[in-house]
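Chain by chain, the residues:
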Amino acid sequence: MVDPGRCLGTGVDPEHELADRVGMAMVRLNKMHAQVTHQMAKQGMDKSAFVLLATLSGLGECRSSALAEAVLSDPSTISRQVAGLVKDGLVERRADPADGRASVLAVTEAGRELILNRRRQRNEAIEQVFADWAEDDFKGFADLFERFVHDYERTIPALLTERGMGTRAGGEN
């Protein structure tokens, strides 16, 4: 079977071969993630809504504007997605303790249960992927992958903004 990440004749400069290998692996990973996302959507949970729910769970009670900033999205987009989460009983609006005229968003018990269930399912699937790996290799990969993601999160938004493609450049990501 041909490895789709190692196609010949793509004109990759040898100087960038390692970056290209990582980039192509990310493309393949994104393709698989899109398939999982599609299955989640068929079960009634949109990926962007789940990202909001999980982010809100991590942040704790917060205003919609803070949630939009945390996910690098437009507040009007967040407002529409939050409305769906509220309708589904996964998020609730509460009076802001600091300003009773405003509201904060909070994950409901049903939302917390959904997050925990999906996290358990995800962890079980990942453990199956690594079932044949030595424990030290699994740990080493996890350490390096966390480092990569941290650096990616730190670097890419600035590059997108620099190139006029970031959320702060007027476009929605």
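That block above? That's the structure.
Q: Explanation requested: the overall build of the chain in the structure shown.
A: Along the chain, the regular secondary structure elements total six helices and two strands. When its helices and strands are written in sequence order, the chain yields α-α-α-α-β-β-α-α. Counting every position in the chain, which comprises 173 residues, the buried fraction comes to 18%. Considering only contacts within the chain whose residues lie at least 6 apart along the sequence, 44% involve residues at least 24 apart.

Q: What should I look at first to understand the pairing of strand S2 (residues 99–107) in this one?
A: Residues in a regular strand point their side chains to alternate faces of the sheet. Alignment of strand S1 (residues 91–96) against S2, held across six bridges, turns out to be antiparallel. Residue Val91 lies in a different strand from S2, and its bridge partner there is Val107. In this structure, the hairpin formed by S1 and S2 is closed by a connection of two residues.

Q: Is there a simple way to explain the side chain of Thr108 in this structure?
A: Counting through the fold element by element, Thr108 comes out in the loop between S2 and helix H5 (109–129). Residue Thr108 is classed as buried on the basis of its relative accessible area of 14%. When sequence neighbours within four positions are dropped, the list of residues in contact with Thr108 reads Gly89, Leu90, Val91 and Glu92.

Q: Can you help me understand the packing of aromatic side chains in this one?
A: Aromatic ring pairs are reported here in terms of the distance separating the ring centres and the angle at which the planes meet. A full pass over the atoms with the stated rule returns seven aromatic pairs. When the centroid spacing of 5.4 Å and the interplanar angle of 45° are considered together, the rings of Phe130 and Phe141 count as tilted. Here Phe130 is found in the loop between H5 and helix H6 (135–162), whereas its partner Phe141 is found in helix H6, with 11 residues between them in sequence. Given the relative accessible area of 37%, Phe141 is considered partly exposed.

Q: Can you walk me through a nonpolar patch on the surface in this structure?
A: Together, Val22, Leu29, Trp133, Phe141, Phe145, Phe148 and Tyr152 give the surface a local cluster of nonpolar side chains, amounting to about 640 Å² of exposed area. Broken down by secondary-structure element, the contributors of at least two residues to the nonpolar patch are helix H1 (17–42) and H6. The element that contributes the greatest number of residues to the nonpolar patch is H6, accounting for four residues. On the secondary structure map, Phe148 appears in helix H6.

Q: Before we go on, may I ask you to explain the packing of helix H2 (residues 47–59) against H5 in this structure?
A: Two numbers describe a pair of packed helices, the interaxial angle and the distance between the axes. Axis separation between H2 and H5 bottoms out at 10 Å; the angle between their running directions is 105°. In terms of their interaxial angle, H2 and H5 are classed as roughly perpendicular. Contact residues: H2 offers Phe50, Leu53, Ala54 and Ser57, while H5 offers Gly111, Leu114, Ile115 and Arg118. Partitioning the contact of H2 with H5 into residue classes produces five nonpolar, two polar and one charged.

Q: How do you make sense of the environment of Ala66 when you look at a structure like this?
A: Positionally, Ala66 belongs in helix H3 (residues 64–70). A residue is classified by how much of its surface remains accessible, and Ala66, at 36% relative accessible area, is partly exposed.

Q: I tried to follow the pattern of salt bridges on my own but got confused; where do I start?
A: Any two side chains of opposite charge can pair, on the condition that their charged atoms come close. As enumerated under the stated definition, the model contains 10 salt bridges in all. Glu61 is paired through a salt bridge with Arg94; the nearest N and O atoms lie 2.2 Å apart. You can see Glu61 sitting in the loop between H2 and H3 and its partner Arg94 sitting in strand S1, a full 33 residues away along the chain. In the salt-bridge network here, residues are joined through shared partners; they are Arg63, Asp96, Asp99 and Arg101.

Analysis parameters
Residues numbered from 1 in each chain as written. Predicted model: local features only at pLDDT ≥ 70, side-chain atom pairs only at ≥ 80, totals over all residues. Heavy atoms only, no water. Helix = DSSP H or I, 4+ residues; strand = E, 2+ residues; numbered from the N terminus. Buried < 20%, exposed > 50% of the residue type's maximum accessible area, 1.4 Å probe, protein only. Contact = heavy atoms within 4.5 Å. Pairing = 2+ DSSP bridges. Phe/Tyr/Trp six-rings, centres within 6.5 Å; stacked < 30°, edge-to-face > 60°. Patch = residues over 30% accessible without salt bridge, like charges linked within 9 Å, V, L, I, M, F, W, Y side chains within 5 Å. Areas by Shrake-Rupley, 256 points an atom, 1.4 Å probe, with all protein chains shown as cover. Salt bridge = Lys/Arg side-chain N within 4 Å of Asp/Glu carboxyl O. Axes fitted to C-alpha atoms, helices over the stretch in contact; angles between N-to-C directions. Parallel < 35°, antiparallel > 145°, perpendicular 65-115°, else oblique. Nonpolar A, V, L, I, M, F, W, Y, C, P; charged D, E, K, R; others polar.

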